[in-house]
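# Summary of the model geometry
Letter by letter, the chains look like this.
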Amino acid sequence: MSRAATPLWSVARRRRWPLLAASAVLLGAWEIYGQARDSIILPPPSKVAAAFGDLVVSGQLLEAAVPSLQLLAAGLGASVLVGVAVGFLVARVPLADRLLGPYISALYATPEVALIPILIVWFGYGFSGRFVIVLLAGVFPMIYNVRAGVLAAPPDLEDMARSFDARRSTVVLRVLLPSAAPYIVVGLRQSIGRCVVGMILAEAFLRLGGLGGLVFTFGARFATDYLMASVLVLPVLGVALTRLVDVIYLRLSPWRRA
């Protein structure tokens, strides 16, 4: 371990203890309040943990998570591909930006819930309808961030590449894409959260199954402990995917490590 890294590690360890202490105090107060009050309103962490263990042991959580992860992977992957392609297009072609820009802004400002009825008419209740909802939830942060990243590319580097008779594909891969990479990562981090939300909406409204089905089923039964155990999976999933994106990005660009 280098000398420069040691102080940073020590600082990180020192900052971890206040967070752990605050979490312990919060969980303790939550447990006391939940045991003293009606557990239907706010079940204590012990009951939520027991409900989570029951979902795992019974296989309900795994059975619900598999189709949800498949839907999330398909929708998020399509969001990245479409977002990068459209983002490059509107950044490099002014006519495309003028023609598509108003529609992109209008769709981005429209909540996915408002589009669900018409998406049901167009795509039905099957996988295609749910897929479109997740795609619409995650594609627009990618478009806006990719567009910003391409426009932020240093023009001097592009001019230098063209002065050496570089092909257009070479300019895109060697100049524009590396310049837009941090923006793409930011867009991907935003898309992950929005796609998780879109996944829950799609499963709740178009097919009462998956993790979204668990959330709404337990909510309708007022099984608050199982409801909170099911909801707990969603932020953990979002944080895990975001962390995975960060790790991959740092692996591909080691010069950006602190």
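Look above for the structure.
Described in the following lines is the structure provided in the data block. (Residues numbered from 1 in each chain as written. Predicted model: local features only at pLDDT ≥ 70, side-chain atom pairs only at ≥ 80, totals over all residues. Heavy atoms only, no water.)

## Points about the pattern of salt bridges
Any two side chains of opposite charge can pair, given that their charged atoms come close. The following threshold applies: Here, a salt bridge means any Lys or Arg side-chain nitrogen found within 4 Å of an Asp or Glu carboxyl oxygen. Per the convention used, a helix needs a DSSP run of H or I reaching at least four residues, while a strand needs a run of E reaching at least two, with both numbered from the N terminus. Think of it in three bands: residues with accessible area under 20% of the maximum for their type are buried, residues over 50% are exposed, and the middle band is partly exposed, with areas taken using a 1.4 Å probe on protein chains only.
Within the structure shown, the criterion is met by 3 salt bridges. With a closest N to O distance of 2.9 Å, Arg147 and Asp97 form a salt bridge. Placement of the pair is Arg147 in helix α6 (residues 127-151) and Asp97 in helix α4 (residues 94-109), with a sequence separation of 50 residues. Overall, the relative accessible area of 23% leaves Asp97 in the partly exposed class. Salt-bridge contacts for Arg194 lead to Glu112; the nearest nitrogen and oxygen are separated by 2.9 Å. One end of the pair, Arg194, is in helix α8 (residues 168-205); the other, Glu112, is in helix α5 (residues 112-123), with 82 residues separating them in the sequence. Judged by its relative accessible area of 26%, Arg194 falls in the partly exposed class.

## Some remarks on α4
Our working definition: Residue count minus one, scaled by 1.5 Å, sets the expected span of a helix. Fitting one axis to the seven residues ending at a residue and another to the seven starting there, the bend at that residue is the angle between the two axes. We call two residues in contact when some of their heavy atoms are within 4.5 Å.
Compared with the 22 Å implied by 1.5 Å per residue over 16 residues, the 22 Å span of α4 between its first and last C-alpha is a close match. In α4, a bend of some 45° at Leu100 exceeds every other bend along the element, and Pro102, a proline, comes one to four places later. Listing the buried residues of α4 in full gives Ala96, Gly101 and Ile104. Of the surrounding secondary structure, the elements contacted by the buried residues of α4 are α3 (60-92) and α6.

## What to know about the environment of Tyr108
Within the secondary structure, Tyr108 sits in helix α4. Judged by relative accessible area, which is 33%, Tyr108 ranks as partly exposed. The sequence separation of Tyr108 and Gly138 amounts to 30 residues, and the corresponding C-alpha distance is 9.7 Å. Residues contacting Tyr108, with those up to four places away along its chain left out, are Phe140, Pro141, Tyr144 and Arg194.

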